[in-house]
Amino acid sequence: MDVNDLLIDAYGRLPGLVESAVAGLSPEQLRQAPAAGANPVGWLVWHLTRIQDHHVAAVLGEAQLWTTGDWAGRLGLEPDPDDTGFGHGPDQIAAVRPENGRVLVDYHRAVVDRTRAYLRGLRPADLDRVVDPTWDPPVTLGVRLLSVLADDLQHVGQAAYVRGLIARG
């Protein structure tokens, strides 16, 4: 299998998982944490999408979809390109207020569509390009794409778990 096909397939699995995590949840349920200090479904899905949008836009040298569309307002936030959820405390987590699950799904799908379009044009040698020299060792494009995918899969799994907790409760 070609590495592009593998990455395109892997990223292409995320939207269905995101949709399953938010399907049928009310705005209140999307904001409901299952316990003190835990992250709600809406925040988890927003965060995983922000990370992908932020990191892929950087390697593309383009603006984030977060800053060029109406996504931020529909989630109760400002379109701050540096706000990805990393390091958020309770007040910042509570500030993520999706108007519904559809906005989370649509934002995520737009981000994944751009990612997959980018992946279609990659050559194997492109994956060796250093995209972040501040780390030791420097981060290559291949490593960045895998770390974003791993982060997204971890958080969508958390969202599915939290959904199960709040949907029963």
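Before any of the text, the structure's been laid out above.
Below is a short write-up of the structure. (Residues numbered from 1 in each chain as written. Predicted model: local features only at pLDDT ≥ 70, side-chain atom pairs only at ≥ 80, totals over all residues. Heavy atoms only, no water.)

1. A closer look at the overall build of the chain
Quick reminder of the rule: Secondary structure counts use DSSP, requiring at least four H or I residues in a row for a helix and at least two E residues in a row for a strand, with both numbered from the N terminus. Atoms counted for the radius of gyration: C-alpha only. Globule rule: 2.2 Å times the number of residues to the power 0.38. Whether a residue is buried, partly exposed or exposed follows from its accessible area with a 1.4 Å probe, protein chains only, as a fraction of its type maximum: under 20%, in between, or over 50%, in that order.
Regarding its fold elements, the chain presents eight helices and two strands. For a compact globule of 169 residues, the expected C-alpha radius of gyration is about 15 Å, and the chain comes in at 16 Å, within 12% of that figure. Principal-axis analysis of the C-alpha atoms places the extent of the chain at approximately 50 × 30 × 30 Å. Of all 169 residues assigned to the chain, the portion counted as buried reaches 44%.

2. Quick word on the nonpolar core
Note the following rule: To define a nonpolar core, start from buried Ala, Val, Leu, Ile, Met, Phe, Trp, Tyr and Cys residues and group those joined through side-chain atoms within 4.5 Å. Only heavy atoms matter for contacts: two residues are in contact if any of them lie within 4.5 Å across the pair.
Of all hydrophobic cores here, the largest spans 43 residues; its most connected members are Val41, Trp46, Trp66, Leu104 and Leu145. Those elements that provide at least two residues to this core are α1 (3-22), α3 (41-60), α4 (65-68), α5 (71-74), α7 (101-120) and α8 (141-168). With near-sequence residues (within four places) excluded, valine 41 lies in contact with Ala21, Val22, Leu25, Leu30, Ala159, Val162, Arg163 and Ile166.

3. What about α7?
Just so we agree on the cut-off: One less than the residue count of a helix, multiplied by 1.5 Å, gives the span that helix is expected to have. Whenever a nitrogen or oxygen atom comes within 3.5 Å of another N or O atom, the pair is scored as a polar contact, on the condition that within protein one atom can donate a hydrogen and the other can accept it, and that pairs from neighbouring residues in sequence are kept only if both atoms are in side chains.
A rise of 1.5 Å per residue sets the reference length of α7, with its 20 residues, at 28 Å; its end C-alpha atoms lie 29 Å apart and thus fit the reference within 8%. Residues of α7 that are buried include every one of Gly101, Val103, Leu104, Val105, Tyr107, His108, Val111, Val112, Arg114, Thr115, Tyr118 and Leu119, and no others. Buried residues along α7 sit in contact with α1, α2 (27-31), α3, α4, α5 and α8. For α7, the N-terminal cap is asparagine 100; the gap from its side-chain oxygen to the backbone nitrogen of arginine 102 is 3.0 Å.

4. Brief notes about the environment of valine 131
Along the polypeptide, valine 131 turns up in strand β1 (residues 130-132). With relative accessibility at 21%, the residue valine 131 sits in the partly exposed group. Apart from residues no more than four positions distant in its own chain, valine 131 is found in contact with Val59, Val139, Thr140, Leu141 and Arg144.

5. A short note on the environment of glycine 69
Of note, glycine 69 is situated in the loop between α4 and α5. Between the C-alpha atom of glycine 69 and that of arginine 120, which follows or precedes it by 51 residues, the distance is 24 Å.

6. Examining the packing of aromatic side chains
The condition that has to hold: In this analysis, rings of Phe, Tyr and Trp, with Trp reduced to its six-membered ring, are considered paired at centre separations within 6.5 Å, and the interplanar angle assigns stacked below 30 degrees, edge-to-face beyond 60, and tilted for intermediate values.
Here the structure, examined in full by the defined rule, presents four aromatic pairs. When the centroid spacing of 5.5 Å and the interplanar angle of 45° are considered together, the rings of tryptophan 66 and tyrosine 107 count as tilted. With tryptophan 66 in helix α4 and tyrosine 107 in helix α7, this pair connects stretches of sequence that are 41 residues apart. Since its relative accessible area comes to 0%, tryptophan 66 is described here as buried. On the accessibility criterion, tyrosine 107 (1% relative accessible area) is buried. Arranged with centres 5.4 Å apart and planes meeting at 35°, the rings of tryptophan 71 and tyrosine 107 form a pair that is tilted. Of the two residues, tryptophan 71 is situated in helix α5 and tyrosine 107 in helix α7; the sequence distance between them amounts to 36 residues. Members of the aromatic cluster, connected to one another through ring pairs, are Trp43, Trp46, Trp66, Trp71 and Tyr107.

7. Side note on α3
An ideal rise of 1.5 Å per residue puts 28 Å on 20 residues; α3 measures up with 28 Å between its terminal C-alpha atoms. Burial runs high along α3: 17 of the 20 residues are buried. Phi turns positive one or two residues past the end of α3, at glycine 61, with a value near 70°.

8. A closer look at unusual backbone geometry
Here the amide bond leading from aspartate 136 into proline 137 is cis, since omega sits at 5°, within 30 degrees of zero. Mapped onto the elements, proline 137 comes out in the loop between β1 and β2 (139-140).

9. Quick notes on the pattern of salt bridges
Pairing is possible between side chains of opposite charge, provided their charged atoms come close. The following threshold applies: By salt bridge we mean one thing: a side-chain nitrogen of Lys or Arg within 4 Å of a carboxyl oxygen of Asp or Glu.
Within this structure, the stated rule accounts for ten salt bridges. Between arginine 13 and aspartate 9 there is a salt bridge, with its nearest N and O atoms 2.7 Å apart. Pair noted here: arginine 13 and aspartate 9 are both in helix α1, with a separation of four residues, about one helical turn. Residue classification places arginine 13 among the exposed positions, given a relative accessible area of 54%. Judged by relative accessible area, which is 35%, aspartate 9 ranks as partly exposed. In this structure, the salt-bridge partner of glutamate 19 is arginine 102, at a minimum N-O distance of 3.4 Å. You can see glutamate 19 sitting in helix α1 and its partner arginine 102 sitting in helix α7, a full 83 residues away along the chain. By relative accessible area, which is 31% here, glutamate 19 ends up partly exposed. Three or more residues joined by partner-sharing salt bridges are found here, namely Arg50, Asp53, Glu62 and Arg114.

Spatial relationships are all this shows, so hold off on functional conclusions.
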